[in-house]
Amino acid sequence: MKSTVFAAALAAAGLCTASQAVNVDVGLDFKSAYVATGATCNDGWVAMPWVDVYGLKAGDTEIPLLFEFWGAMDLERYEPNKPYSRSGRFQEIDLLLQLDLGAIWTPDEKFSWSVGYLEYDYPEQDVETDNLIVFNAGYDCWLNPAFTCKYRFGGPSDGKCELALAASHGFQLDDAGDFGLSLAADVWYVVQADESEDDDGFACADFTAKLSWKNLYASATYVAQIDDDVLPDGDAYAYDVEWIFAVGASYSFE
């Protein structure tokens, strides 16, 4: 893994020096395809485990940092132009260190924002790690509008920037609050990497319906291509999958 492990090192230091227990969320998702910003990374089933660590404290003061591990493991080989795609192996491992800016200052209690450092590592490929600065902002209301910016630097996709606008709404389906339905949509605008021959512009829009019961969920996502000069048609790392079906589970430790 060609990673600077910067995020992992900082998170480990925080865990070792924290004077009180942290909060840990863990989960496992199974998806019928792995698609990122409309581009297909695997058109078959993948397993995606993740771990969030937060709630670190220095004395009685909570440190507004979150460390996240996320991985994409191929369960099916993606032929013909991804020879490194092998069942049972991680094609990607991400490490995120995120600062909750809302815990430091916010103009409104419903407004949230954060900034983070993110690494995309590719264990099966002979390529450098992608390094990203990630900014998120959102507002807690009926449509829950959100904005995301991911800027890549110093890696194979140096200069690439992905911008998203999203909205979502959740519905409670029973009095106990165990059953829920959420609807979400987002649209992605891409500024291509410095050496890319593709155009800048709107790449895709995603539409998701998700049914949940306690810590379990099932969902369906439709990926709509907007501009094939931005998101070309094709196989690997192009527009190849329209529908993504998923199931997953999560659990929280305190």
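Here, every reference points to the structure presented above.
Residues numbered from 1 in each chain as written. Predicted model: local features only at pLDDT ≥ 70, side-chain atom pairs only at ≥ 80, totals over all residues. Heavy atoms only, no water.

### Points about the overall build of the protein chain
Phase 1: Scanning the protein chain for helices and strands turns up one helix and 16 strands.
Phase 2: Taking all 254 residues of the protein chain together, the buried fraction comes to 38%.
Phase 3: Considering only intrachain contacts with a sequence separation of at least 6, the fraction spanning at least 24 residues in the protein chain is 52%.
Phase 4: Accessible surface, the protein chain as shown: approximately 13,500 Å² in total, 58% of it carbon and sulfur. (Helix = DSSP H or I, 4+ residues; strand = E, 2+ residues; numbered from the N terminus. Buried < 20%, exposed > 50% of the residue type's maximum accessible area, 1.4 Å probe, protein only. Contact = heavy atoms within 4.5 Å. Areas by Shrake-Rupley, 256 points an atom, 1.4 Å probe, with all protein chains shown as cover.)

### What to know about the sheet that holds strand β1 (residues 23–31)
Phase 1: Strand order in the closed barrel made by the twelve strands is β1-β4-β7-β8-β9-β10-β11-β12-β13-β14-β15-β16, with antiparallel pairing throughout. Strand after strand, the sheet turns through a mean of 20° between neighbouring axes, direction not considered.
Phase 2: Relative to strand β7 (residues 65–74), strand β4 (residues 46–54) runs antiparallel, the two being bridged by seven bridges. Across the sheet, residue Asp52 finds its bridge partner in β7, namely Glu68. (Pairing = 2+ DSSP bridges. Axes fitted to C-alpha atoms, helices over the stretch in contact; angles between N-to-C directions.)

### Examining unusual backbone geometry
Phase 1: Unlike most non-glycine residues, Thr37 shows phi in positive territory, near 50°.
Phase 2: On the secondary structure map, Thr37 appears in the loop between β2 (34–36) and β3 (39–42).
Phase 3: Here the phi dihedral of Asn144 falls at roughly 45°; this positive angle occurs in a residue that is not glycine.
Phase 4: Tracing the sequence through the fold places Asn144 in the loop between β10 (130–139) and β11 (146–153).

### What about the packing of aromatic side chains?
Phase 1: Enumeration according to the criterion identifies ten aromatic pairs in this entry.
Phase 2: Their ring planes at 40° and their centres at 6.1 Å tell us that Phe111 and Trp113 sit as a pair that is tilted.
Phase 3: Among the residues examined, Trp113 registers a relative accessible area of 23% and is labelled partly exposed.
Phase 4: Summarising the aromatic geometry, the rings of Trp243 and Phe245 are spaced 6.1 Å apart at their centres and angled 10° between planes, so their arrangement reads as stacked.
Phase 5: Exposure remark for Trp243: the relative accessible area of 46% places this residue in the partly exposed category.
Phase 6: For Phe245, a relative accessible area of 42% translates into the label partly exposed.
Phase 7: By way of ring pairs, the aromatic residues Trp105, Phe111, Trp113, Phe135 and Phe147 are connected into one cluster. (Phe/Tyr/Trp six-rings, centres within 6.5 Å; stacked < 30°, edge-to-face > 60°.)

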